[in-house]
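Here is what each chain is made of, one letter per residue.
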Amino acid sequence: MIENNIHLQNETELASERFNLVAKATHDVIWDWDLYANTVWWNEGMREIFGFSVEELEPGPDSWYNRIHPEDQERVLLYIHEVIDNGGANWSDQYRFRRANGSYAYVHDRGYTIHKDGRAIRMVGSMQDITEQMAHQHAREESEKMLSFALKAAQLGTWNLNPATNQIAWDERCRELFGFPEVENLSYEGSLQNLHPEDRPRVQAAVKQALAPGSDGIYNIQFRTVIPGTHTLRWLQCKGQAYFVGDQVDRFSGIAQDITDQIASQEKAYFADQQATMTIEGTGAGSFLLDVSSNELVYSPTMARILTGNTSENLSRSIFIDHLHPDDIAVRDGAYVVAAETGELNYEARFIWTDNSVHWVKVIGRYLYDNSDKGVSLSGIVLDITDRIEKEQMLRASEEYLRSMIEQAPIATALFVGPDMVIEIPNEPMLKFWGKGADVIGKPLREAVPELVGQHFLEILDEVYRTGKAYHAYGAPADLVIDGLKQTIYFDFTYKPILDKNGQVFAIIDMAVDVSAQVISARELKESEERYRQLADELEQRVEQRTNELYLTNQELTNSNNNLEQFAYAASHDMQEPLRKIQSFSSRLQSQYNHSLDENGSFMLNRIQDAARRMSLLIDDLLTYSRLSKKDTEFVNVDLNKIVSEVISDLEIGIQEQNAKIETGNLSVVHGNPRQLVQLMQNLISNAIKYRSPDREPMIKITEERPGRVELSSIPHLLRNRRYCRITIEDNGIGFEEKYVDRIFQMFQRLHGKSEYSGSGIGLASCKKVVQNHNGYITAKSKPGEGSRFIIYLPQPE
């Protein structure tokens, strides 16, 4: 008993150490609220992130309540107690939490409720500081405001029809677009005079529909006007909204925009699309053309292969949904929302081939519209970008480090609006460069920073605003007054114009970096070319040193993995001895003292024996899994027919008890380890019996087929230029959701509770290990209630 207590204590300390390591790795504040004792435990994250030591915190939940922002406190408390009182399992909220220095951090708090006998007894959770994320969100909102300003700067005409007087009031731009530059007010009928005769009935019908009682009042149409005197055609787009009071139209107003260039561009684009389609196939991309009204899809064989893995499929528009990865549906939907506004479709997503392999695809398309602004077709291309995505993922770690360095650089930025260069948004580094405060916002740059007058910066800004061409300068001197002293500072800076939807400049972004130290250093470097070579050599040596360090680190990681595997085997083997003692002594207690125990004592003793048996099974499975090592495996030619017969013989009692039927086709010879292949087949067949449907007798079919080269080429990690066989084990059991197909092959992953089906959760992980040892591949297909198919690819003898 003392040995058991020491063992349990060691296990507890190990679990606690692992828990603390996880908490440190996630940079979260971990908390544990005992709802019975009304106590709260915090980990070290409370001190590291918020500055509170555990000793200075109040006892119980007050250590949490008292630090929630007063404006958030009532909402947060009501919600968490609502989850607890209603028996909820998960709670999540965002609110402000006070730091030790008195400032507030935005946090994302999550909790999981533990219940016993139908009552909540404990809640465990983690708190994450999201202050920086909220700041980024605020920055995005500011950007959206700037976008709104850009839309207002677009050259749009506005009009307003008074239904009571039938008179139209419009601005100067709108009068110009309709060909009435001198007419302030005009009747509705008069406004139609300059419309193209072919378009006038269509415009009248659209207006009538918008003004009809019960309609949504929306007016959106494209039409032509003929400018008097010049007979010049101009394409316009009018958008408007009718506002009703009851069934009566109160107001009808909207905007007009010159889209002549846009229509011309569309006509050119249509011709260009037809020309481009003929050359697309040579680039490795697949092409498609979709008729929007009929949903008829015309596509190239290359497109079919990129999306499905096959070229002979009879595809429809649904191909872009049926083979799309479920996690990327939102990406596709968002791209179509943008395309509805811009006419340009562009997104990257994963597509699932018919063999269940996943491939990254880039979809690019463009809508073609008719004269009524209705999309008639969508043409585009698809490209397989799987290789590029995989390379990007490999480089992501180094890119993240580089990105963080760039984001932390103190780059000064400001936004100037209009020809007077009114200071709209300066950040703190820019204000520091100018030596000014926030009161310069809203002022023209020449007034806010008068020392710039006479220097070249203002003239360059005027030139950028006039031409729309960006300007870059490196090491440019600027004389600025900072803290009352005039100083010369050297800058790398960029003036980048921002265009409205009509291509007109309405603002300029100024980005500047103080490079005074670099300029001075550059001058010194010019005087010492030899020193430059020495620095270059030193840098090369450091790169070589870093490469060697990475190689050594990889070697240490390989050794660590080998040691971990040996440790798992030894630890699992050593744990059997104390378990056997637990089982032996509990059996003696039951046989010798069962009459001395009350009902509760007998129940607890049975629970001990059940737990010991489950632990023994788990250790056996772990030992079996740890033995699946490729380096200790001898491979020979193995007849799978004999393997399956041996497994069926071993499982004979279970097969008879469940009245299971097993049909076996003719199986071939594979190159592998007999012991491991027996374990593979035994796990899969016993699972098919275990997870049987309660309303029908188990039926198991074992078949084999020869996969083709195309199929094998799409499966990862197979040996090239080697023949394979495909073994299928199919049952009529309970099945499972196919989205869990990757999860079921992981260690300790179960889709059902232990009370429903016994097992350790290691069986399918062992199957995957065996198949990997044989340079094979295993996957599954299933639907709930319709049984499962486990598909295995194994190499055959050379």
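I will try to describe carefully the structure that is included in this document. Every chain is numbered on its own, with residues counted from 1 as its sequence reads. It should be noted that, the model being predicted, local features are given only for residues of pLDDT at least 70 and side-chain atom pairs only at 80 or more, the latter also being counted only at that level, while totals for whole chains, interfaces and linings use all residues. Hydrogen atoms and water are omitted, and side-chain values are computed over all heavy atoms in the structure.

Some remarks on the pattern of salt bridges
And then number 1: We count a salt bridge whenever a side-chain nitrogen from Lys or Arg sits within 4 Å of a carboxyl oxygen from Asp or Glu. In this structure the tally under the stated criterion is 27 salt bridges.
And then number 2: Among the salt bridges present, the one from aspartate 72 reaches arginine 75, with a minimum N-O distance of 3.8 Å. Residue aspartate 72 and its partner arginine 75 are both found in helix α4 (residues 70–85); the two are separated by 3 residues, about one turn of the helix.
And then number 3: Throughout this description, buried means an accessible area under 20% of the type-specific maximum (1.4 Å probe, protein chains only), exposed means over 50%, and partly exposed covers the range between. Of the residues examined, aspartate 72 reaches a relative accessible area of 9% and is grouped as buried.
And then number 4: Put simply, arginine 202 and aspartate 199 hold a salt bridge, and the shortest N to O gap is 3.4 Å.
And then number 5: For arginine 202, a relative accessible area of 28% translates into the label partly exposed.
And then number 6: The class for aspartate 199 is buried, based on a relative accessible area of 4%.
And then number 7: Among the ionic contacts, a cluster of salt bridges with common partners joins Glu71, Asp72, Arg75, Asp93 and Arg96. Runs of H or I in DSSP of at least four residues are treated as helices and runs of E of at least two as strands, each being numbered from the N terminus.

Brief notes about the environment of isoleucine 263
And then number 1: Summarising the element assignment, isoleucine 263 is placed in helix α8 (residues 260–280).
And then number 2: The contact definition used throughout considers only heavy atoms, calling two residues in contact when any of these lie within 4.5 Å. In this structure isoleucine 263 touches Gln222 and Trp235, once residues within four positions along its chain are discounted.

Observations regarding the sheet that holds strand β19 (residues 471–482)
And then number 1: Only strands joined by at least two bridges in the DSSP assignment are considered to pair. Ordered in space as β18-β17-β21-β20-β19, the 5 strands form an open sheet in which the pairing is antiparallel. Two strands close off the open sheet at either side, each with one partner strand: β18 (422–426) and β19. The average undirected angle you get between the axes of adjacent strands in this sheet is 35°.
And then number 2: Where strand β20 (residues 485–499) meets strand β21 (residues 505–514), 9 bridges bridge the pair, whose relative direction is antiparallel. Following the sheet pairing, aspartate 492 is matched in β21 by valine 513.
And then number 3: Along the sheet, helix α15 (residues 457–467) makes contact with β17 (412–417), β19, β20 and β21, crossing β21 at roughly 140°.
And then number 4: Every axis in this analysis is a line fitted to C-alpha atoms, fitted for helices over the stretch in contact. Angles between the N-to-C directions lie between 0 and 180 degrees. In the packing of helix α16 (residues 516–526) onto the sheet, contacts are made with β19, β20 and β21, and the angle to β20 comes to roughly 110°.

With respect to the packing of aromatic side chains
And then number 1: Ring pairs shown here join Phe, Tyr and Trp side chains whose ring centres sit within 6.5 Å, with only the six-membered ring taken for Trp; geometry is labelled stacked below 30 degrees between planes, edge-to-face above 60, and tilted in between. Enumeration according to the criterion identifies 21 aromatic pairs in this entry.
And then number 2: Ring geometry for phenylalanine 433 against phenylalanine 491: centres 4.9 Å apart, planes inclined by 65°, an arrangement best described as edge-to-face. With phenylalanine 433 in helix α13 (residues 428–434) and phenylalanine 491 in strand β20, the pair connects residues that are 58 residues apart, well separated along the chain. Taken individually, phenylalanine 433 and phenylalanine 491 each receive the classification buried, so the pair is uniform in this respect.
And then number 3: Taking the centre distance of 6.2 Å and the plane angle of 85° together, the rings of phenylalanine 745 and phenylalanine 790 count as edge-to-face. Pair noted here: phenylalanine 745 is in the loop between β26 (724–731) and α23 (763–773) and phenylalanine 790 is in strand β28 (residues 788–795), with a separation of 45 residues, a long-range link. Across this residue pair, the class does not change: phenylalanine 745 and phenylalanine 790 are buried.
And then number 4: Among the aromatic side chains, those forming a connected cluster through ring pairs are Trp31, Trp64, Tyr65, Trp91 and Tyr95.
And then number 5: For arginine 67, the ring lying beneath its charged end belongs to phenylalanine 52, and the centroid distance is 4.3 Å.
And then number 6: For the cation-ring pair, arginine 251 lies above tyrosine 243, with the distance from its terminal atom to the ring centre recorded as 4.3 Å. Any Lys NZ or Arg CZ that is within 6 Å of a ring centre and within 35 degrees of that ring's normal is treated as a charge sitting over the ring.

No statement about biological role is implied by the geometric values presented.
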